[in-house]
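In case you want the letters, here they are:
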Amino acid sequence: MTEAREIDRIVTMALDEDAPWGDLTSETLIPQAATATAELVAREPGVLSGIEVFAAAFRLVDAGIAVEPLAADGEPFAAGQVLARVQGPARGILRAERVGLNLVQRMSGIATLTARYVAEAAGTRARIVDTRKTTPGLRSLERQAVRDGGGRNHRRSLSDAIMAKDNHLAVLTADGTDLAEALRAARDRMPHTAHLEVEVDRIDQIEAVLAGGADTIMLDNFTTDELVDGVALIAGRAIVEASGGVSLDTVAAIAATGVDVISVGALTHSVRSLDLGLDVVVEAPAVAAVAAPAVAPADAPPAGSVAAPAGQP
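Residues numbered from 1 in each chain as written. Predicted model: local features only at pLDDT ≥ 70, side-chain atom pairs only at ≥ 80, totals over all residues. Heavy atoms only, no water.

Draft legend 1. View of the pairing of strand 10 (residues 239-243). Among the 5 residues of strand 10, 4 are classified as buried, and the element is accordingly described as predominantly covered. As paired strands, strand 9 (residues 216-220) and strand 10 are joined by 5 bridges and run parallel to one another. Among the inter-strand pairings, methionine 218 is bridged to a residue of strand 10, identified as glutamate 241. Crossover handedness for the path strand 9 to helix 9 (residues 224-234) to strand 10: right-handed. Pairing between strand 10 and strand 11 (residues 261-263): 3 bridges, direction parallel. Counted as the bridge partner of alanine 242 is isoleucine 262 from strand 11. (Buried < 20%, exposed > 50% of the residue type's maximum accessible area, 1.4 Å probe, protein only. Helix = DSSP H or I, 4+ residues; strand = E, 2+ residues; numbered from the N terminus. Pairing = 2+ DSSP bridges. Right-handed = clockwise from strand over helix to strand, strands pointing away.)

Draft legend 2. A look at helix 5 (residues 139-148). Of all 10 residues in helix 5, 8 are buried, a share of seventy percent or more. Of all the positions in helix 5, only Ser140, Leu141, Glu142, Arg143, Gln144, Ala145, Val146 and Asp148 are classed as buried. Its buried side turned inward, helix 5 meets helix 1 (4-18), strand 2 (46-47), helix 3 (51-61), helix 4 (90-120) and helix 11 (266-269). Immediately beyond the C-terminal end of helix 5, within one or two residues, lies glycine 150, with a positive phi of roughly 95°. (Contact = heavy atoms within 4.5 Å.)

Draft legend 3. A look at the sheet that holds strand 9. The parallel open sheet is built from 6 strands, whose spatial order is 6-11-10-9-8-7. Two strands close off the open sheet at either side, each with one partner strand: strand 6 (127-129) and strand 7 (162-164). On average, each strand axis in the sheet is inclined to that of its neighbour by 25°, with strand direction left out of account. Lying over the sheet, helix 9 contacts strand 9 and strand 10, oriented at roughly 160° with respect to strand 9. (Axes fitted to C-alpha atoms, helices over the stretch in contact; angles between N-to-C directions.)

Draft legend 4. The arrangement of the nonpolar core in detail. Core analysis: the biggest nonpolar cluster contains 74 residues, and Ile217 and Ile262 have the highest contact counts within it. Ignoring sequence-local partners within four residues, the contact set of isoleucine 262 consists of Ala126, Arg127, Ile128, Val129, Ala242, Val246, Val251, Ile254 and Ala255. (Core = buried A, V, L, I, M, F, W, Y, C linked by side-chain atoms within 4.5 Å.)

Draft legend 5. Structural context of the pattern of salt bridges. Applying the stated criterion across every chain, the model contains 15 salt bridges. When the shortest N-O distance is used, the salt bridge between aspartate 279 and arginine 43 registers 2.9 Å. Remark: arginine 43 occurs in the loop between strand 1 (35-42) and strand 2 and aspartate 279 occurs in strand 12 (residues 276-280); sequence separation between them is 236 residues. The exposure class of arginine 43 is partly exposed, given its relative accessible area of 40%. Of the charged contacts in the structure, one is a salt bridge between aspartate 215 and arginine 187, with a shortest N-O distance of 3.1 Å. Highlighted residues: aspartate 215 in the loop between helix 8 (206-211) and strand 9 and arginine 187 in helix 7 (residues 179-189), separated in sequence by 28 residues. Each of Glu6, Arg9 and Arg156 takes part in one network of salt bridges that share partners. (Salt bridge = Lys/Arg side-chain N within 4 Å of Asp/Glu carboxyl O.)

Draft legend 6. Layout of the side chain of serine 263. Position of serine 263 among the secondary structure elements: in strand 11. We classify serine 263 as buried; its relative accessible area is 4%. In this structure the side chain of serine 263 is engaged in a polar contact, spanning 2.8 Å, whose partner is the side chain of glutamate 241. For serine 263, the contacting residues outside a window of four places in its chain are Val129, Asp130, Thr131, His154, Met218, Glu241, Ala242, Ser243 and Val246. (Polar contact = N/O pair within 3.5 Å; in protein donor to acceptor, adjacent residues only side chain to side chain.)

Draft legend 7. Geometry of the packing of helix 1 against helix 3. Relative orientation of the contacting elements helix 1 and helix 3 amounts to 60°, with a least axis distance of 9 Å. Regarding the angle of helix 1 to helix 3, the classification is oblique. When you trace helix 1 past helix 3, the crossing you get is right-handed. Counted together, Ile7, Asp8, Val11, Thr12 and Leu15 of helix 1 and Glu52, Val53, Ala56, Ala57, Arg59, Leu60 and Val61 of helix 3 form the full contact between these two elements. (Parallel < 35°, antiparallel > 145°, perpendicular 65-115°, else oblique. Left-handed = near helix turned anticlockwise from the far one by under 90°.)

Draft legend 8. Broad picture of the sheet that holds strand 1. With antiparallel pairing, 4 strands are arranged side by side in an open sheet as 3-5-1-12. The open sheet has two edge strands with one neighbour each: strand 3 (66-69) and strand 12. Looking at each pair of strands side by side, their axes are set apart by 20° on average, direction ignored. Of the pairings in the sheet, the one linking strand 1 to strand 12 comprises 5 bridges and is antiparallel in character. By the bridge assignment for strand 12, leucine 40 is matched with leucine 278. Each of strand 1, strand 3, strand 5 (82-89) and strand 12 touches helix 3; the most contacted strand, strand 5, lies at about 15° to it.

In structure tokens, the structure reads:
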């Protein structure tokens, strides 16, 4: 779960972007005292992520709005299912609606796609992880969505681990420096708690990277046969990560090669937001009951006639 203060920071920024000087439409058309009830409804099946983020949008607009979650993050849902109920001042609900929907739709799209990748890799040792290919400003939420879909998180930022990729290696060895020596020198400078990952795009680079002390070796754009050979060559001396060319069509075969980790940029950079809607609940107007006519006694005179005085014919 993303920390509440991080959720509030992101949602506040989104609300300020969407209504920098207020909601002109609602403030003009909707009476200040009006209240409403609305439901978050799934238009298609998926996996939920971001229900607390959705609720924060309404809370930050108006503390008088109550959001009742009817499903939890990580839960699958069906089309037509009501996922949350929102009640309170109508102006606030209408102002927060788009921001709340945008975020929960995107997060649920990521969780749903991640769950599909995880299902494809089931029965293998491979873990599905995300990458830094996230939407600027939304990384915390998108990483949560990956976890809600059953995936794992890679490093959060450039500050969290040493990850030498192709461009790093090109600069590092441009003057003829030996790769293994360069990596050992880097290990001598790095904190003892840090993790060293190195990307290779050819199998003949692996031994030098192992000699340099890599904790993880990323096999980038290897074929499945090359992945099998890479796993055998590394032989447990480092964590093996597969990256590049990963799709729903290829992930099962990649997982079957014996790699430990499969990083998938598509989880966040190519995802489609899920179709969720916020529907205002309109109660049918009450129908006034029509009183049934009284049943006249059997000896009552016909309607419109005048009853004869008692004792008279």
